[in-house]
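Here is what each chain is made of, one letter per residue.
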Amino acid sequence: MLAIVLICLGLVAFSYAGYPLVLAAWGALHDLRGALRFFSGGPDRRERTGPVEWPHVTIVLAAFDEESCIREKVENCLAVDYPPDRLDVVVGCDGCTDRTAEIARHSGRGRVRVVELAPRQGKASVLARLVPSAPGDVVVLTDANTSFEPGAIRALARRFRDPSVGAVVGRLRLRTRDGGGEGLYWAYETFLKYLEGKLGCVLGANGGLYAIRRILFPAIPADTITDDFVIPLRIAVRGWKVPYEPTAVAHEDAPDDPVAEFGRRARIGAGNWQALARLPDLLDPRSGFVAFAFVSHKLLRWAAPFLLALALLASFVGAMTPGAWGCRTLLAAQVAFYTLAAAGEQGAGAPGRTARYFVTMNAALAVGWWRFARGTQRAAWRRTARAAAPAA
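Described below are features of the structure shown in this document. The structure presented is a predicted model; accordingly, all values stated were derived computationally and were not measured.

### Examining the pattern of salt bridges
So, point 1. In this structure the tally under the stated criterion is 14 salt bridges.
So, point 2. Of the charged contacts in the structure, one is a salt bridge between Asp94 and Arg120, with a shortest N-O distance of 3.9 Å. Of the two residues, Asp94 is situated in strand β2 (residues 87–94) and Arg120 in the loop between β3 (112–117) and α4 (123–130); the sequence distance between them amounts to 26 residues.
So, point 3. Classification of Asp94 as buried rests on a relative accessible area of 2%.
So, point 4. Asp143 serves as the salt-bridge partner of Lys123, at 2.8 Å between the closest nitrogen and oxygen. Placement of Lys123 in helix α4 and of Asp143 in the loop between β4 (138–142) and β5 (147–148) is noted, with a sequence separation of 20 residues between them. We note that Lys123, like Asp143, is buried.
So, point 5. One connected set of salt bridges, linked through shared partners, spans Lys123, Asp143 and Asp227.

Quick look at the structure:
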């Protein structure tokens, strides 16, 4: 039993702690090899200054009943620091029942194309309709409640000067009421994106800010749940680089409603398992770093609820064996951790808040797996209450 407990907890620990260490070492080796090539007289790949023709960019967003924030979003898109004659904005209204389309047209002042689609089918369906017909060579995908910093689009577009780049993931900064929970976890995930980006493949984007070459937009089924995960990875498994650009920054308010947040994470969990079923190439060792990163960063993370449950059960069974001090010690440690999570912030401060977030996140992933197994998760998202899009 002790071996089962150690394996389960070890796999979870590797996904959260060991994998970042491997990435850091791998990235350092990659940087060292690049430096050696440079000093040995290899080609100079540094960005050169001089006149640059910026690519034609189209910003595409899918909106459902976003009248509370669509005006600020459209104005924010038009105010970015990018040549106006090389920038388009397309808003896809997915079965809206409010004034989203009207407000978007009025706010766009003739520079925004609004496409009304009915009945509502979900974000993936909207993107499948709008992206292939977008006029830009580069398409930036975003959400209605996300606000760009002025240089975000230019920072994304600059990366496409490298002909091997197929998509670029920007940096989404979440605003939270405190530094724990989502804020702490998001900072950790952002650090992983940075490390993965140095090696040319970020494992999935965030829906608020990423860009792709239009001609590489993959055909995705209309019932795709996590489009921002599937689209970049379909591009990556075809051999294109998907780097991370930390200077392309957008802002978004983290939801304060814990029930809505749990539902959002459960939906993502269902979408993760759906993506695995539809992207078997991610498990092919011939995919190289992409396959290793996917198993380490994603698959083990999704399996964590089951690994943790099995570890607790095996510890309990093993602890009843005479002399099984290893199982008893690990059982006591797990019980203490879950007690800390149950106490939460009020009972244990920041450690309790972090422990509760970890447990809640894994519970949501388990619920997501159950929804996927039963086929009950819809592609259309359930909109959460929003304020206006946060100012950059």
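Moving on, there is more to tell.
### As for a nonpolar patch on the surface
So, point 1. Together, Met1, Ile4, Leu310, Leu313, Phe316, Val317 and Met320 line one region of the surface with nonpolar side chains, adding up to about 660 Å² of accessible area.
So, point 2. Note that Met1 resides in the segment before α1 (2–39).

### A short note on the pairing of β2
So, point 1. Among the 8 residues that make up β2, 7 are buried, leaving the element largely enclosed by the rest of the structure.
So, point 2. In the sheet, strand β1 (residues 57–63) pairs with β2 via 7 bridges, with the strands oriented parallel. Its bridge partner being in β2, Val57 is matched across the sheet by Leu87.
So, point 3. Read from β1 through helix α2 (residues 70–78) to β2, the crossover connection turns out right-handed.
So, point 4. Bridge analysis of β2 against β3 gives 6 bridges, and the strand direction is parallel. Each residue of the ladder has a partner; that of Val89, found in β3, is Val112.
So, point 5. Where the polypeptide runs from β2 across helix α3 (residues 100–108) and back to β3, its parallel neighbour, the crossover connection is right-handed.

### Things to note about the sheet that holds β1
So, point 1. Pairing is mixed in the open sheet, where 8 strands are placed in the order β3-β2-β1-β4-β7-β6-β8-β5. Strands at the two margins of the open sheet, each flanked by one partner only, are β3 and β5.
So, point 2. Strands β1, β2, β3, β4 and β5 of the sheet are contacted by α2, whose axis makes an angle of about 160° with β2.
So, point 3. Across the sheet, α4 touches β1, β2, β3 and β4, and the angle it forms with β2 is around 140°.

### Notes on the side chain of Arg213
So, point 1. By the secondary structure assignment, Arg213 is in strand β7 (residues 210–213).
So, point 2. A distance of 2.6 Å separates a polar side-chain atom of Arg213 from the backbone oxygen of Val165.
So, point 3. With near-sequence residues (within four places) excluded, Arg213 lies in contact with Asp137, Phe160, Asp162, Pro163, Val165, Gly166 and Trp240.

### With respect to the packing of aromatic side chains
So, point 1. Under the criterion given, the structure shown has 15 aromatic pairs.
So, point 2. Ring centres of Phe306 and Trp369 lie 5.5 Å apart, and the angle between their planes is 75°; this geometry places the pair in the edge-to-face category. With Phe306 in helix α9 (residues 289–319) and Trp369 in helix α10 (residues 325–374), the pair connects residues that are 63 residues apart, well separated along the chain.
So, point 3. Accessibility expressed as a relative area gives 33% for Trp369, which makes it partly exposed.
So, point 4. Grouping aromatic residues by their ring pairs yields a cluster made of Tyr16, Tyr185, Tyr188, Phe337, Tyr338, Tyr357 and Phe358.
So, point 5. Just above the ring of Trp54 sits the side chain of Arg154; from NZ or CZ to the centre is 4.7 Å.

### Considerations on the packing of helix α8 (residues 258–278) against α10
Each packed pair of helices is defined by two parameters, the angle between the axes and the distance between the axes.
So, point 1. Packing of α8 against α10 brings their axes to within 7 Å, and their N-to-C directions diverge by 50°. With respect to each other, α8 and α10 are oriented oblique. Here α8 and α10 pass one another in a crossing that is right-handed. Contact residues: α8 offers Phe262, Gly263, Arg265, Ala266, Arg267, Gly269, Ala270, Asn272, Trp273, Gln274 and Ala277, while α10 offers Tyr357, Thr360, Met361, Ala363, Ala364, Leu365, Val367, Gly368, Trp369, Arg371 and Phe372.
So, point 2. Residue composition of the contact of α8 with α10, by class: 13 nonpolar, 6 polar and 3 charged.

### Section: the packing of α8 against α9
So, point 1. Running from N to C, α8 and α9 point in directions that differ by 130°, and their axes come no closer than 11 Å. Put simply, α8 runs oblique to α9. Remark: the crossing between α8 and α9 carries left-handed chirality. Residues Asn272, Trp273 and Leu276 of α8 lie in contact with α9, whose contacting residues are Phe294, Leu299, Trp302, Ala303 and Phe306.
So, point 2. Among the residues making up the contact of α8 with α9, the classes are represented as 7 nonpolar, 1 polar and no charged.

### Observations concerning the pairing of β1
So, point 1. Across the 7 residues of β1, 7 count as buried, placing the element largely inside the fold.
So, point 2. Residues Val57, Ile59, Leu61 and Ala63 point to one face of β1 and Thr58, Val60 and Ala62 to the other, with burial holding for every one of them.
So, point 3. In terms of strand pairing, β1 meets β4 through 5 bridges, oriented parallel. Directly across from Thr58, in β4, lies its bridge partner Val139.

Calculation rules
- Every chain begins its residue count from 1, and numbering advances along the sequence as written.
- Local features are withheld for residues below a pLDDT of 70 in this predicted model, meaning they are given only at 70 or higher, and side-chain atom pairs are given and counted only at 80 or more; totals for whole chains, interfaces and linings count all residues.
- Excluded from the side-chain calculation are hydrogens and water; included are all heavy atoms of the structure.
- One speaks of a salt bridge when a side-chain nitrogen belonging to Lys or Arg is within 4 Å of a carboxyl oxygen belonging to Asp or Glu.
- Here a helix means four or more residues in a row that DSSP labels H or I, a strand means two or more in a row labelled E, and each is numbered from the N terminus.
- A simple rule labels every residue: compare its accessible area, found with a 1.4 Å probe on the protein chains alone, to the largest value its type can have, and call it buried under 20%, exposed over 50%, or partly exposed in between.
- Residues enter patches when their relative accessible area tops 30% and they take part in no salt bridge; the joining distance is 9 Å for like charges and 5 Å for the nonpolar side chains Val, Leu, Ile, Met, Phe, Trp and Tyr.
- Areas reported here follow the Shrake-Rupley algorithm with a probe of radius 1.4 Å; residue values treat only the protein chains shown as occluding.
- Two strands are counted as paired when DSSP detects at least two bridges linking them.
- Assignment of crossover handedness uses the view with strands pointing away from the viewer, where a clockwise path from the first strand over the helix to the second indicates a right-handed crossover.
- We call two residues in contact when some of their heavy atoms are within 4.5 Å.
- Orientation is described by lines fitted to C-alpha atoms, with helices fitted over the stretch in contact, and by angles between N-to-C directions that extend from 0 to 180 degrees.
- Here a polar contact is recorded for every N or O atom pair within 3.5 Å, except that within protein the pair must consist of a potential hydrogen donor and a potential acceptor, and residues adjacent in sequence are included only if both atoms are side-chain atoms.
- For Phe, Tyr and Trp, rings pair up if their centres lie within 6.5 Å, where Trp contributes its six-membered ring, and each pair is then called stacked (planes under 30 degrees apart), edge-to-face (over 60) or tilted (otherwise).
- We call a charge positioned above a ring when the Lys NZ or Arg CZ atom is no farther than 6 Å from the ring centre and deviates by at most 35 degrees from the ring normal.
- Angle categories: roughly parallel below 35 degrees, roughly antiparallel above 145, roughly perpendicular from 65 to 115, and oblique for all the rest.
- Each crossing gets its hand from how the near helix is turned against the far one by less than a right angle, where anticlockwise is left-handed and clockwise is right-handed.
- Three classes are used: nonpolar for Ala, Val, Leu, Ile, Met, Phe, Trp, Tyr, Cys and Pro, charged for Asp, Glu, Lys and Arg, and polar for all others, with Gly counted as polar.

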